[in-house]
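Residue strings, one per chain:
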Amino acid sequence: MELDLSPPHLSSSPEDVCPAPGTPPETPPPPDNPPPGDVKRSQPLPIPSGRKLREEELQATSLPSIPNPFPELCSPPSQKPILGGSSGARGLLPRDSGRLHVVKVYSEDGACRSVEVAAEATARHVCEMLVQRAHALSDESWGLVECHPYLALERGVEDHEFVVEVQEAWPVGGDSRFVFRKNFAKYELFKSPPHTLFPEKMVSSCLDAQTGISHEDLIQNFLNAGSFPEIQGFLQLRGSGRGSGRKLWKRFFCFLRRSGLYYSTKGTSKDPRHLQYVADVNESNAYVVTQGRKLYGMPTDFGFCVKPNKLRNGHKGLHIFCSEDEQSRTCWLTAFRLFKYGVQLYKNYQQTQSRHLRLSFLGSPPLRSISDNTLVAMDFSGHAGRVIENPREALNAAMEEAQAWRKKTNHRLSLPTPCSGSSLSTAIHRTQPWFHGRISREESQRLIGQQGLVDGVFLVRESQRNPQGFVLSLCHLQKVKHYLILPGVRDLKPYYAPPFSLYKKRGPIAGPVGCSSTRDRSLTCPLATPQSEDEGCLYFSMDEGQTRFTDLLQLVEFHQLNRGILPCVLRHCCARVAL
C-alpha cells in the first residue's frame, strides 16, 4: 500500500508554512489557505530537501569556515573521480598534472636517486633532469632502461613514453627498476650506418619482392603506414616439453608484420592456414634477454622476449625467442620498434637534433662524439685552406700526418713534460670518462653491449695480464675487439762521430770533435748527449713502438680523428655517471 504524502489542499512550498522575512506579523494569511492553528497534527507536511531553518542559517554564519579535507569526494556529478577507458578499467586514478610522483632511478654502479616528476613527464624530461643533477654532458644518447632482474629482461624506454605510466605497469613489490645510462644505438637507424641493420634476406614485402633497396628507402617504407614491409627469418622458440616438464627449443620460420608476430607450422610457408599468431605489436613490448643461457636455457646468447602489456609478473605468458647472431636480433628488435611507434620515433630523433642545434647556436660546448660525416680532409699548406676532394690525395695526406705525428713530441702547456720527472702525464687518463680502471674483459664487453653495439664505442681499461699495460676495447661491426697498449722508454742510444773526412783538424792530429785522445784516427768517440729530447721519455704504443704517444689522452685524441691501425675511428666513449 502506498501513502499519499502530499494532500491536495496543502501547499508544498516552504513560504506557505513560514511567512516571508519581510511580512509583518499582523498580516493575515491568504484566504484560500487555512490558518496555521486549523492544521491537524496527524496530517504530514511535505518538507523539501533543500529547506533550511532560520536558526540553522544564523548558526552556520556564526561558525568559522573549515576547509574540506576531502575535496575529491565532494566533486560535482560531472567530474568523476575515476576516468573511463583503459585507466578506468584498471581502477587507476586520473593523471593530475599538479600531483607529483616519486620515481627511483639507478645508475650503473648501483646507486639510487629518487626524483619527483609529474604524471606527464616523459623519459626525455627525466634524463635531462638527471644530466643536470649529475653535472654530465648533455647528449642525445642518454636514456632510461626498464630492467626486470627477476626475468632477466631489459629494454630502452622511448623518449616520448610517460615514466609514471611505465612504472604503474610493474608488479607491486617486485625488483623492476629504471637504470640511467647511455644508449648509442637508440637513433642509429636514422643515421645510415656503414653496415646495414636489415639484411636483404630478412626483408620482404607482402605485395612485391624488394631487392636492392637503399637504407633510407627501407626506413621510409617502415614509417609509411600504407606500406606493408615484413621481416622474416628463422628463430628458435621456447615451448613446453610433454611428459618431462622441461623446456624445449624448436626452430620456426617467423614473420613480423604490422598486424603482429607469426610463425609458420609448415616450413617457410606463408599460407594463412599455416601461420600461428604469437603476439600483437601494439599491445606488447620487446625486451633483450640478458641471462638467457642461465635462466631460460638458450642455445645462444642472442635472445629477446615479447612481453604482453597485460602480463605483470611471472614467466607464464612470455614469448621468448633466440636468434643466431647479434645482427639478426638487432634486426628483429629494430623492426618491432618501427612497427609499434612508427613516425613518433623519427619525431623524437628530430627533436634531439633540433635541441642539439639550438644548444650549439647558444654557445654550449660541443658533444664529445665525433661523427664521420662531419669530418673532411683539409690542406693548410698554402696561404688558405682547401678541401681535399680526391680520395687518394686525402689518404696520402693522412699517412703523411701520421708519420709527422710519430716524430712530433707533444709538449702540453698546462702540464709538465714527462721528462721532467712528474707523474701527472702518466695519470691524466684516470680523470677521463673513457677510462674504467681495472675491469675484466667480460665486464668491458658487457658495458659496451649495454650502451649499444655501434661502430666506434670504446673504453680504456687496465690490462689484467700485463700489470703495466692497458687495453683499448672497441666495437666494430657489432663485435668488441681488444687492442693492447704497452708503455715503453725511448732508448738513450750513444751517438757516434761521422767519418774521418768530416773531422775537424785539431793540432797535428785530426780527431773527432770533442775527443782529446791521440789514438788511431779510425776510432770514433761516443758522445753521451742524446740526439733529441724524446730519448729517455716514457711513451705508449699499440704497434710495437712504430707510433708513439706521450700519454693515453694523446693516443685517444689521435684515434678520434685518425683510424691508424684500428678498423674505425673512436666515436663514442663508454662512460658511467654516478647519481
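Residues numbered from 1 in each chain as written. Predicted model: local features only at pLDDT ≥ 70, side-chain atom pairs only at ≥ 80, totals over all residues. Heavy atoms only, no water.

Caption draft 1: Expanded view of empty space enclosed by the protein. All told, the structure shown has 3 cavities of 30 Å³ or more when counted by the stated rule. Volume-wise, the second largest cavity comes out at about 50 Å³. Lining the second largest cavity are Leu256, Leu261, Ala286, Phe304, Val306, Trp332, Leu333 and Phe336. Looking at the lining of the second largest cavity, the elements that each hand over two or more residues are strand E12 (303–308) and helix H8 (326–341). The element contributing the most residues to the lining of the second largest cavity is H8, with 3 residues. Residue composition of the lining of the second largest cavity, grouped by class: 8 nonpolar, no polar and no charged. (1 Å grid on protein atoms, 1.4 Å probe; cavity = no way out; pocket = protein on both sides within 12 Å on 5 of 7 lines; lining within 4 Å. Points joined across faces, edges and corners; volume = space filled by probe spheres on them. Helix = DSSP H or I, 4+ residues; strand = E, 2+ residues; numbered from the N terminus. Nonpolar A, V, L, I, M, F, W, Y, C, P; charged D, E, K, R; others polar.)

Caption draft 2: Focus on the pairing of strand E4 (residues 153–156). Pairing between strand E3 (residues 142–148) and E4: 4 bridges, direction antiparallel. Each bridged residue has a counterpart across the sheet, and for valine 145 the counterpart in E4 is glycine 156. The turn joining E3 and E4, which pair antiparallel and follow one another in sequence, is formed by 4 residues; a positive phi near 60 degrees is taken by alanine 152. As paired elements, E4 and strand E11 (residues 284–289) share 2 bridges and run antiparallel to each other. The residue bridging leucine 153 from the neighbouring strand is valine 289, located in E11. (Pairing = 2+ DSSP bridges.)

Caption draft 3: Just the packing of aromatic side chains, in detail. Considering all chains together, one arrives at 16 aromatic pairs under this definition. Residues phenylalanine 435 and phenylalanine 470 carry aromatic rings whose centres are separated by 6.2 Å and whose planes lie at 65 degrees to one another, so their mutual orientation is edge-to-face. With phenylalanine 435 in the loop between helix H11 (424–427) and helix H12 (441–450) and phenylalanine 470 in strand E17 (residues 470–476), the pair connects residues that are 35 residues apart, well separated along the chain. Judged by centre distance (6.0 Å) and plane angle (65 degrees), the rings of phenylalanine 470 and phenylalanine 540 are edge-to-face. (Phe/Tyr/Trp six-rings, centres within 6.5 Å; stacked < 30°, edge-to-face > 60°.)

Caption draft 4: Expanded view of unusual backbone geometry. Of note in the backbone geometry, histidine 135 takes a positive phi value of approximately 55 degrees without being a glycine. Checked against the element boundaries, histidine 135 lands in the loop between helix H4 (123–134) and E3. Among the residues examined, histidine 135 registers a relative accessible area of 74% and is labelled exposed. Positive phi, normally seen in glycine, also occurs at glutamine 478, with a value near 60 degrees. Tracing the sequence through the fold places glutamine 478 in the loop between E17 and strand E18 (479–489). (Buried < 20%, exposed > 50% of the residue type's maximum accessible area, 1.4 Å probe, protein only.)

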